[in-house]
Amino acid sequence: MLTTQRLVERSLLAFGERVAVIDGTRNVTYDALRERSARLGNVLLAFGAGGERPAAVLLPSEARFVEVDLACMRAGVTRVGISTRLSPDECQYILQHSRSAVLITSPALYERVDLSQLPELATVLLVDDARAQPARTGRERDYERVLADGRAELAAPAVGPQHPAYILYTSGTTGRPKGATHTHGGRVAALVNMLASEIRADGHSAMVHCAPLTHGSGSKLLTFLAIGARNVILPRFDPAEFAEAIVQHGGTHSFMVPTMLQMLLDGGETVRAAARAMRQLSFGGAPITDALFGRAIEGFGPILTQVYGSCEAPHPVTVVQPEDYLSRPDPAKMAQSAGRASYASDLLIVDDDGRPLASGEEGELWVRGSHLMDGYWRDEQATADAFAADGWYKTGDIAVIDEVGFVYFRDRKRDLIITGGLNVYPSEVERVLTEHPSVKDVAVIAYPDDRWGESILACVVAHDPDAASEAELIDWVGRHLASYKKPRKVVFMPELPKGSTNKVLKRELKARFWEGRDRRIN
């Protein structure tokens with residue numbers, strides 16, 4: 001079976017002089033990527049990184065992220081991507097739990113890391129003229145200097161399809177992140193599935209990455225490198241800069257969440273015209289409303305493709321292509337469906353006992369396919385809990401599949417909030433809030449938000465209601481978790497509704513804030 005190690009070698013040799021990555025004013029060719037990733041791969045192996053000891057990357061979206069990704073694939077080193085939006089506590093936990101041997105980061109982001117608590121982290125490679133930075137521990141090295149000293153020809157053992165390729169940490173249902181681990185064979189299967197079911201591209205295409213490379217957009221890096229196309233990387237999402245990149249670099253594809261689609265539509269006619277010139281605009285990460293989908297079809301034309309997936313089951317698990325909605329009397333109504341199964345995905349709706357249900361019956365969606373994660377890193381129990389017999393992954397999403405295969409989501413079995421396309425498990429917010437001295441009891445739920453889809457609401461029972469404030473509690477969460485995990489509202493209550501086992505009845509709480517809605521996701 002093909003591995004990403006072999007696939008990458010093939011592409012780097014085949015497309016040598018073509019531009020592979022555009023990062024601001026920098027154009028990086030496939031030849032340059034081949035040499036630099038070989039040097040870095042040798043360095044990572046020399047510093048002790050490998051299959052069981054990952055290399056972690058804490059960088060903003062930029063060309064060096066691609067270098068690291070390729071170096072890890074080529075050298076057989078497991079990569080851990082850490083979002084720059086995470087708090088110091090979260091970054092520290094991921095480095096600790098993954099047992100990373102090497103960290104690649106910038107001096108500014110390095111401030112989030114306490115190396116004294118990470119004895120297994122042998123080396124920190126610092127980008128952005130690290131030589132001007134004073135060494136904190138003696139474990140720091142300058143990224144460009146070690147690349148210059150590294151061998152230009154990679155000397156790495158061949159790896160098999162079951163070798164771990166990368167770990168994507170997802171918010172934890174028990175308050176701590178879990179590392180969804182994907183193999184070399186699984187990543188190839190995900191790439192083939194994406195090209196067969198979602199992406200319509202060729203060697204002349206250009207993928208504009210305007211979302212973080214640690215998330216959904218990054219899953220498309222290898223897809224476009226495999227066909228000899230260009231990856232245009234933006235440091236942040238700004239509608240005007242996005243439009244400029246399309247015009248300047250011939251952008252043909254992109255991926256974003258529904259909130260970003262709305263910002264494009266509101267960005268003015270120049271922005272909308274640039275987007276209309278694209279071949280395909282994929283979106284996912286959160287449900288979309290009929291109204292927004294209708295506006296997007298009208299504003300951009302028939303270039304929209306909706307995908308569904310997760311950290312554990314990479315998109316597209318299901319997909320909606322233009323022909324699916326253009327054939328409808330009211331195309332905007334297709335926003336209510338997540339589409340049909342992708343070519344690599346086997347879908348099943350089951351009841352609470354795991355028994356298959358017929359079309360039109362509501363139950364939990366299970367997914368099976370070669371592109372799914374292998375399991376959770378260093379967590380056998382969580383892996384066992386996530387999978388049923390015969391390799392079925394339990395998504396935790398409540399859905400219906402109609403008689404022609406379209407999936408419609410109704411609710412979530414798991415306690416999960418999706419805000420602006422980012423997953424937040426209420427348990428991790430609750431864990432932080434319970435550590436505040438004013439909080440006696442707390443329950444965190446989602447409430448509908450027209451801009452972000454869902455926002456975070458904390459229902460708090462305070463020891464002394466007069467001594468606690470909404471602003472103080474929101475700030476407290478922001479000091480311990482990523483900013484997007486902060487509650488937008490705090491509601492103080494005399495008590496929380498509980499059942500006979502003393503468990504908080506969150507459905508009862510949600511009913512107060514979701515009144516008049518036909519589904520409990522937005």
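Everything that follows concerns the structure shown earlier in this document.
In what follows, the accompanying structure is described. (Residues numbered from 1 in each chain as written. Predicted model: local features only at pLDDT ≥ 70, side-chain atom pairs only at ≥ 80, totals over all residues. Heavy atoms only, no water.)

### Quick look at the overall build of the protein chain
What counts, and what does not: Numbering of helices and strands starts at the N terminus; helices are DSSP runs of H or I of at least 4 residues and strands are runs of E of at least 2. The atom set for the radius of gyration is the C-alpha atoms, and the globule formula is 2.2 Å times the number of residues raised to the power 0.38. Relative accessibility under 20% of the residue-type maximum defines a buried residue, over 50% an exposed one, and the middle range a partly exposed one, all with a 1.4 Å probe and only protein chains included. Contacts between residues were defined by any pair of non-hydrogen atoms, one from each residue, lying within 4.5 Å. Note on areas: these come from Shrake-Rupley sampling with a 1.4 Å probe, and a residue is covered only by the protein chains present in the view. Counting rule for charge: Lys and Arg are taken as positive, Asp and Glu as negative, and neither His nor the chain ends is counted. In plain terms, the charge of a residue is placed at NZ if it is Lys, CZ if Arg, CG if Asp and CD if Glu.
A count of helices and strands for the protein chain gives 17 helices and 26 strands. Taken over C-alpha atoms, the radius of gyration comes to 23 Å for the protein chain, in line with the 24 Å a tight globule of 522 residues would show. Seen through its C-alpha atoms, the protein chain measures out along the principal axes to roughly 65 × 55 × 50 Å. A burial count over the protein chain gives 59% of its 522 residues as buried. Taking the contacts inside the protein chain whose residues are at least 6 apart along the sequence as the reference set, 65% of them involve residues at least 24 apart. Of the roughly 21200 Å² of accessible surface on the protein chain, 49% is carried by carbon and sulfur atoms. Averaging the positions of the 59 positive and the 67 negative side-chain charges in the protein chain gives two centres separated by 2 Å.

### Considering the pattern of salt bridges
Note the cut-off: One speaks of a salt bridge when a side-chain nitrogen belonging to Lys or Arg is within 4 Å of a carboxyl oxygen belonging to Asp or Glu.
In the structure shown here, the tally under the stated rule is 26 salt bridges. Measuring nitrogen to oxygen at the nearest pair gives 2.8 Å for the salt bridge that ties R26 to D23. What makes R26 partly exposed here is its relative accessible area of 38%. Of the residues examined, D23 reaches a relative accessible area of 15% and is grouped as buried. Of the charged contacts, one joins E35 and R39 as a salt bridge, the two residues approaching to 3.1 Å between their closest N and O atoms. Highlighted residues: E35 and R39, both in helix 2 (residues 30-46), separated by 4 residues, approximately one helical turn.

### Here's the deal with empty space enclosed by the protein
Note the cut-off: The distinction between a cavity and a pocket rests on a 1 Å grid over the protein atoms alone: a 1.4 Å probe fits inside a cavity but cannot get out, while a pocket stays open yet meets protein on both sides within 12 Å along at least five of seven lines, and a residue with an atom within 4 Å of a point counts as lining. Grid points are joined across faces, edges and corners, and a volume is the space filled by probe spheres set on the points. Under the grouping applied here, Gly and all other residues not named as nonpolar or charged are polar, the nonpolar ones being Ala, Val, Leu, Ile, Met, Phe, Trp, Tyr, Cys and Pro and the charged ones Asp, Glu, Lys and Arg.
As enumerated under the stated definition, the model contains 1 cavity of 30 Å³ or more in all. Its boundaries defined by the atoms lining it, the largest cavity holds a volume of some 30 Å³. In terms of lining, the largest cavity is formed by V8, S11, L12, Y30, L70, L222 and L225. If you list the elements that add at least two residues to the lining of the largest cavity, you get helix 1 (4-14) and helix 8 (221-226). It is helix 1 that provides the largest number of residues to the lining of the largest cavity, a total of 3 residues. Residues of the lining of the largest cavity, tallied by class, amount to 6 nonpolar, 1 polar and no charged.

What is shown is where atoms sit, not what they do.
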